[in-house]
Amino acid sequence: MDLSDPQILHQSNIISGKRVKHKEYVWLGIFGFLLMLLSAGIWHPMPDTIVYLHQARSFVTWDGMVHTMTHRLTATPGYALLITPFFLFDELPLVALTYFQAIMLCIYMVGIYVWARRYTPKSAVLIAGAASLHVCVWQYGMLVTTEAPFMASMIWSVILFHRWAEASDKSLRWKYLIGGVLLFCYCTLIRSAGLMIAMGCVGYLLWENRRAGRHLMHHAWSLLLWTGLPCLVVVAFVLQQSMTGQNGLIQGTYLSGLTPTHDDNLLQFLWQGLYLRLTDMGRLTIPGMFKAYSTHGSWMHVTMLVYVPLFLGLMLAWWKLIARQRDALVMGFIPFLLLHIFYARYHDGNRFLTPMLPVLMLMVWQMLKRIRIPQHTGMLVLLLLHASVAIGLAVREYPKLVKVREQWTIAEQCAKILNQDPGRVFSIDQVNNLELQIRIITGTTIRRKQSYEAIHEQKPKWVLRHHSNSDLPSYQSVWSDQEFQLLKRITPEQAKSLTSKTPNT
């Protein structure tokens, strides 16, 4: 057999390529198994979870859906609509939802692999692993919140967009167009920030027009579909929120978070937004740094010695990526970043930029070449470090999550007492998320992590706290166990009566 025969060499390359892909699929399977192991089975509490659970519960009935959609839509309804079917079979399907979230993360991970192959077929599987086996994906993706389905729908809508833009078969183009536009619309219905990725599609099409010497209006209908329809989804939600906000049905809107108040200095407002997003990028890309930042928002913090140069390096890498190949997600990164710089009033703990991990990891891959580190080896090390941090945190937090799961009986007891005599409820300091569980059962608003000073000043009817022998004046314990207490405010006359019954010592 002549090994120099071109046909034999071609067949050999095909076989070799299939072997490489087979190995990559094996690794994706391992990564998916780890994601399921880390994320599925145990519910992790978070305040935003309550909003989505209550929305989904209301959507189970037609009357509830109409009322919520027209009167009290406090958050974009896409995620609540997605999880509503679970509530048809279970009043509180938290465990089932954790498996659903984990599946969404696996779909997101496979999407990153498919997307990253446009830039680097060799390192795509490592980029997918580093962007999914990440502590912030575990921390936010496993929760009953929008992150996992948003990231999955975002990455696959971009993939379908590029399949549409690059396909030559008209029937396939129509399929990619319909599927991609619908997925983009649903992505923005889950989180309005998805519209910024649609802006990346605009940039891609305009650039292609310019490169090919075509008229600006050549892709006009495409722009209306890929960007106009998702924009209508966002506008409809913003208008609905504005109307309900004016009627006093909800406090604050998404739009109000983007606009500085009359007390804010615009430059300081934007400077703070830049600080938050710059630190987010550093905390997301450097393993183990996800909680390393200045709590006072100081640019003079020691971490900025690392974050500022890294930010500049990442932005230079972004420019190199764009110069090398146009991509809707990479181009949409800048509008996405600018949106959240303007959304500067909230310190989210990396949550806002977590969906951009695929782009950030690709930027790191590009930056490694600039600093003369082997890209494939560098991404392998980065993957191992990020995965180690995520696994370590999951192992550390596991006993706490098990304890939260065992508190549901206690939450039901407290909820029953609160339902019998409704009133304002405060919880003191950290009560291991018991207040969130009570809120899920009752729908009662509980102000979390309050101080004793706030209790004395605002005098709520109910106080939830860790069991303590110290007295809280004007409050009487109505329920307690070895760990928690539920106290109720009593009148001065009742307090005097209790004092008079106490024997002298």
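In this report, we go over the structure that sits alongside the text. (Residues numbered from 1 in each chain as written. Predicted model: local features only at pLDDT ≥ 70, side-chain atom pairs only at ≥ 80, totals over all residues. Heavy atoms only, no water.)

### So, the overall build of the protein chain
To keep it simple, the criterion reads: The numbering of helices and of strands both runs from the N terminus, where a helix is a DSSP run of H or I of at least 4 residues and a strand a run of E of at least 2. Here the term buried applies to any residue with accessible area under 20% of the maximum for its type, exposed to any over 50%, and partly exposed to those in between, with areas from a 1.4 Å probe on protein chains only. By definition in these notes, contact holds between two residues if any of their heavy atoms fall within 4.5 Å. With residues, only the protein chains shown are counted as cover, and all accessible areas are computed by Shrake-Rupley using a 1.4 Å probe.
Looking only at helices and strands, one finds 20 helices and five strands in the protein chain. Split into buried and exposed, the 505 residues of the protein chain put 50% on the buried side. Of the contacts made within the protein chain by residues no fewer than 6 positions apart, 72% connect residues no fewer than 24 positions apart. On the protein chain, roughly 24900 Å² of surface is accessible, and the fraction owed to carbon and sulfur atoms is 62%.

### Points about the side chain of Thr 442
Under the convention used in this document: Any N or O atom pair separated by 3.5 Å or less is treated as a polar contact, with the protein-specific requirement of one donor-capable and one acceptor-capable atom, and with residues adjacent in sequence counted only for side-chain atom pairs.
For Thr 442, the location among the structural elements is in helix α18 (residues 434–442). In terms of polar contacts, Thr 442 uses its side chain to reach the backbone carbonyl oxygen of Ile 438, at 2.9 Å. Every residue in contact with Thr 442, bar those within four places of it in the chain, is listed here: Ala 415 and Asn 419.

### Notes on the packing of aromatic side chains
Remark: the centre distance and the inter-plane angle together describe each pair of aromatic rings, the angle taken between the planes. Rule in force here: Classification of ring pairs uses Phe, Tyr and Trp, with its six-membered ring standing for Trp, and accepts pairs whose centres are within 6.5 Å; under 30 degrees between planes counts as stacked, over 60 as edge-to-face, and the remaining range as tilted. Any Lys NZ or Arg CZ that is within 6 Å of a ring centre and within 35 degrees of that ring's normal is treated as a charge sitting over the ring.
Scanning the model with the defined rule gives 15 aromatic pairs in all. Summarising the aromatic geometry, the rings of Trp 43 and Trp 408 are spaced 5.6 Å apart at their centres and angled 45 degrees between planes, so their arrangement reads as tilted. With Trp 43 in the loop between α1 (6–39) and α2 (47–59) and Trp 408 in helix α17 (residues 408–420), the pair connects residues that are 365 residues apart, well separated along the chain. Trp 43 gets classed as buried once you look at its relative accessible area, which sits at 6%. On the basis of relative accessibility, which here comes to 16%, the residue Trp 408 falls in the buried class. With centroids separated by 5.5 Å and ring planes inclined at 50 degrees, the aromatic side chains of Trp 164 and Trp 226 adopt a geometry described as tilted. Remark: Trp 226 occurs in helix α11 (residues 220–246) and Trp 164 occurs in helix α8 (residues 147–166); sequence separation between them is 62 residues. Three or more aromatic residues link up through ring pairs in this structure, and these residues are Phe 161, Trp 164, Trp 174, Phe 184, Tyr 204, Trp 221 and Trp 226. Sitting over the ring of Phe 150, Arg 191 keeps its end group 5.0 Å from the ring centre. For the cation-ring pair, Arg 210 lies above Trp 207, with the distance from its terminal atom to the ring centre recorded as 5.6 Å.

### Focus: the side chain of Arg 277
Within the secondary structure, Arg 277 is located in helix α12 (residues 266–285). Note on Arg 277: relative accessible area 1%, which makes it buried. Of note is the side chain of Arg 277, whose polar atom sits 3.0 Å from the side chain of Asp 280.

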